[in-house]
Amino acid sequence: MSTPVVIAIAWAVILGVGGGLLTKIGEWYRALNKPSWQPPDWLFGPAWTVILGLAAWAFVLSWNAIPPGGDHTPLIVLYAVNFVFHLLWSPLFFTVKRPDWALVEVPFLWASVLALCIGLREFSVLASWLIVPYLVWVSFAAILNWKIVQLNGPFG
(Lines give C-alpha, C1' and ligand atoms only; values in the text may rest on other atoms or scores of the structure.)
Protein backbone atom coordinates (compact mmCIF):
# COMPACT_ATOMS: atom_id res chain seq x y z
CA MET A 1 0.00 0.00 0.00
CA SER A 2 1.32 3.46 -0.83
CA THR A 3 2.21 6.07 1.78
CA PRO A 4 -0.72 8.41 1.07
CA VAL A 5 -3.21 5.55 1.27
CA VAL A 6 -1.80 4.41 4.62
CA ILE A 7 -1.88 7.97 5.99
CA ALA A 8 -5.42 8.56 4.71
CA ILE A 9 -6.74 5.29 6.14
CA ALA A 10 -5.03 5.91 9.50
CA TRP A 11 -6.43 9.46 9.64
CA ALA A 12 -9.99 8.32 8.86
CA VAL A 13 -9.93 5.24 11.10
CA ILE A 14 -8.47 7.06 14.10
CA LEU A 15 -11.04 9.85 13.76
CA GLY A 16 -13.91 7.44 13.18
CA VAL A 17 -13.03 4.99 15.94
CA GLY A 18 -11.84 7.73 18.31
CA GLY A 19 -14.98 9.76 17.76
CA GLY A 20 -17.10 6.67 18.33
CA LEU A 21 -15.29 5.75 21.54
CA LEU A 22 -15.56 9.30 22.84
CA THR A 23 -19.29 9.47 22.10
CA LYS A 24 -21.02 8.04 25.13
CA ILE A 25 -24.76 7.97 24.53
CA GLY A 26 -25.95 7.40 28.08
CA GLU A 27 -28.68 8.65 30.37
CA TRP A 28 -27.25 12.19 30.44
CA TYR A 29 -27.49 12.47 26.65
CA ARG A 30 -30.88 10.78 26.46
CA ALA A 31 -32.25 13.26 29.03
CA LEU A 32 -31.26 16.28 26.95
CA ASN A 33 -33.99 18.16 25.13
CA LYS A 34 -33.29 17.86 21.41
CA PRO A 35 -34.99 19.45 18.42
CA SER A 36 -37.55 17.37 16.53
CA TRP A 37 -35.40 17.54 13.40
CA GLN A 38 -32.40 15.80 14.97
CA PRO A 39 -31.50 12.69 12.95
CA PRO A 40 -31.73 9.33 14.74
CA ASP A 41 -28.62 8.34 16.70
CA TRP A 42 -27.92 5.37 14.40
CA LEU A 43 -27.41 7.70 11.41
CA PHE A 44 -24.34 9.47 12.79
CA GLY A 45 -21.98 6.46 12.49
CA PRO A 46 -22.73 5.74 8.81
CA ALA A 47 -22.69 9.46 7.97
CA TRP A 48 -19.25 9.93 9.54
CA THR A 49 -17.97 6.77 7.84
CA VAL A 50 -18.91 8.11 4.40
CA ILE A 51 -17.66 11.63 5.17
CA LEU A 52 -14.30 10.49 6.52
CA GLY A 53 -13.92 8.03 3.65
CA LEU A 54 -14.45 10.84 1.13
CA ALA A 55 -11.98 13.06 3.00
CA ALA A 56 -9.42 10.24 3.00
CA TRP A 57 -9.90 9.82 -0.76
CA ALA A 58 -9.41 13.58 -1.14
CA PHE A 59 -6.12 13.29 0.75
CA VAL A 60 -4.85 10.57 -1.60
CA LEU A 61 -5.89 12.53 -4.70
CA SER A 62 -4.19 15.65 -3.38
CA TRP A 63 -1.01 13.83 -2.34
CA ASN A 64 -0.75 12.17 -5.73
CA ALA A 65 -1.24 15.51 -7.51
CA ILE A 66 1.91 16.94 -5.91
CA PRO A 67 4.86 16.51 -8.30
CA PRO A 68 7.64 14.11 -7.26
CA GLY A 69 9.93 15.89 -4.84
CA GLY A 70 7.21 18.47 -4.17
CA ASP A 71 6.33 19.74 -0.73
CA HIS A 72 3.58 17.76 1.01
CA THR A 73 3.77 19.89 4.16
CA PRO A 74 0.76 22.17 3.40
CA LEU A 75 -1.43 19.12 2.78
CA ILE A 76 -0.27 17.41 5.96
CA VAL A 77 -0.82 20.58 7.99
CA LEU A 78 -4.39 20.98 6.68
CA TYR A 79 -5.26 17.42 7.68
CA ALA A 80 -3.39 17.60 11.02
CA VAL A 81 -5.20 20.77 12.08
CA ASN A 82 -8.53 19.26 11.09
CA PHE A 83 -7.63 16.06 12.97
CA VAL A 84 -7.12 17.98 16.21
CA PHE A 85 -10.32 20.00 15.97
CA HIS A 86 -12.35 17.01 14.83
CA LEU A 87 -11.12 14.89 17.72
CA LEU A 88 -11.79 17.61 20.33
CA TRP A 89 -15.52 17.99 19.74
CA SER A 90 -16.82 14.62 21.00
CA PRO A 91 -15.06 14.63 24.38
CA LEU A 92 -16.22 18.18 25.02
CA PHE A 93 -19.83 17.35 24.22
CA PHE A 94 -20.16 13.77 25.48
CA THR A 95 -17.34 12.99 27.93
CA VAL A 96 -17.13 16.33 29.75
CA LYS A 97 -20.88 16.82 29.14
CA ARG A 98 -20.41 20.40 28.01
CA PRO A 99 -22.33 21.06 24.79
CA ASP A 100 -21.66 24.76 25.42
CA TRP A 101 -17.89 24.19 25.27
CA ALA A 102 -18.35 22.02 22.17
CA LEU A 103 -20.28 24.91 20.62
CA VAL A 104 -17.29 27.21 21.28
CA GLU A 105 -14.99 24.64 19.65
CA VAL A 106 -17.17 23.95 16.59
CA PRO A 107 -16.23 27.15 14.67
CA PHE A 108 -12.61 25.98 14.78
CA LEU A 109 -13.63 22.57 13.44
CA TRP A 110 -15.79 24.23 10.78
CA ALA A 111 -12.94 26.56 9.76
CA SER A 112 -10.57 23.59 9.49
CA VAL A 113 -13.00 21.84 7.14
CA LEU A 114 -13.44 25.01 5.09
CA ALA A 115 -9.64 25.28 4.93
CA LEU A 116 -9.57 21.74 3.51
CA CYS A 117 -12.18 22.69 0.88
CA ILE A 118 -10.21 25.74 -0.18
CA GLY A 119 -6.68 24.36 0.31
CA LEU A 120 -7.21 21.09 -1.55
CA ARG A 121 -8.41 22.94 -4.64
CA GLU A 122 -4.76 23.83 -5.30
CA PHE A 123 -4.01 20.12 -5.67
CA SER A 124 -7.24 18.67 -7.06
CA VAL A 125 -10.64 20.17 -7.82
CA LEU A 126 -12.26 16.77 -7.21
CA ALA A 127 -10.54 16.50 -3.82
CA SER A 128 -11.94 19.89 -2.89
CA TRP A 129 -15.46 18.79 -3.83
CA LEU A 130 -15.07 15.54 -1.85
CA ILE A 131 -14.78 17.67 1.31
CA VAL A 132 -18.10 19.47 0.71
CA PRO A 133 -20.24 16.77 2.44
CA TYR A 134 -17.95 17.12 5.48
CA LEU A 135 -18.52 20.89 5.49
CA VAL A 136 -22.28 20.47 5.12
CA TRP A 137 -22.45 17.87 7.91
CA VAL A 138 -20.34 19.96 10.32
CA SER A 139 -22.52 22.98 9.50
CA PHE A 140 -25.63 20.95 10.31
CA ALA A 141 -24.01 19.55 13.47
CA ALA A 142 -23.09 23.08 14.58
CA ILE A 143 -26.72 24.20 14.26
CA LEU A 144 -27.83 21.08 16.13
CA ASN A 145 -25.24 21.73 18.86
CA TRP A 146 -26.45 25.34 19.15
CA LYS A 147 -30.08 24.21 19.44
CA ILE A 148 -29.23 21.66 22.15
CA VAL A 149 -27.41 24.36 24.13
CA GLN A 150 -30.38 26.70 23.65
CA LEU A 151 -32.87 24.03 24.81
CA ASN A 152 -30.84 22.81 27.80
CA GLY A 153 -28.42 25.49 29.02
CA PRO A 154 -26.83 26.56 31.22
CA PHE A 155 -24.36 23.72 31.68
CA GLY A 156 -21.72 23.18 34.32
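The preceding data block contains the structure.
This is a predicted model, so every value here is computed, not measured. (Residues numbered from 1 in each chain as written. Predicted model: local features only at pLDDT ≥ 70, side-chain atom pairs only at ≥ 80, totals over all residues. Heavy atoms only, no water.)

**As for the nonpolar core**
Trp11, Leu75, Tyr79, Phe93, Leu120, Ile131 and Tyr134 are the most contacted members of the largest nonpolar core, which has 44 residues in total. Elements that contribute at least two residues to this core include exactly helix 1 (3–21), helix 3 (41–65), helix 4 (73–95), helix 5 (99–120), helix 6 (125–130) and helix 7 (132–152). Sort the elements by how many residues they give to this core and helix 3 lands first, with 10 residues. (Core = buried A, V, L, I, M, F, W, Y, C linked by side-chain atoms within 4.5 Å. Buried < 20%, exposed > 50% of the residue type's maximum accessible area, 1.4 Å probe, protein only. Helix = DSSP H or I, 4+ residues; strand = E, 2+ residues; numbered from the N terminus.)

**Let's talk about the packing of helix 1 against helix 3**
Orientation of helix 1 relative to helix 3, taken along the N-to-C sense of each, is 155°, at an axis distance of 9 Å. The orientation of helix 1 with respect to helix 3, classified from their angle, is roughly antiparallel. For the element pair helix 1 and helix 3, the recorded crossing hand is right-handed. For the pair helix 1 and helix 3, contact is made by Thr3, Pro4, Val5, Ile7, Ala8, Trp11, Ala12, Leu15 and Gly16 and by Leu52, Ala55, Ala56, Phe59, Val60, Trp63 and Asn64, respectively. Among the residues forming the contact of helix 1 with helix 3, the class breakdown is 13 nonpolar, 3 polar and no charged. (Axes fitted to C-alpha atoms, helices over the stretch in contact; angles between N-to-C directions. Parallel < 35°, antiparallel > 145°, perpendicular 65-115°, else oblique. Left-handed = near helix turned anticlockwise from the far one by under 90°. Contact = heavy atoms within 4.5 Å. Nonpolar A, V, L, I, M, F, W, Y, C, P; charged D, E, K, R; others polar.)

**Here's the deal with unusual backbone geometry**
Note that the residue after glycine 153, namely proline 154, is joined by a cis bond; omega there is -5°. Turning to its location among the elements, proline 154 is positioned in the segment after helix 7. Phi at lysine 97 is positive, roughly 60°, even though this residue is not glycine. Inspection of the secondary structure assignment puts lysine 97 in the loop between helix 4 and helix 5.

**Brief notes about the side chain of aspartate 100**
Here aspartate 100 shows up in helix 5. Beyond its immediate sequence surroundings of up to four residues, aspartate 100 is in contact with Val149 and Phe155.

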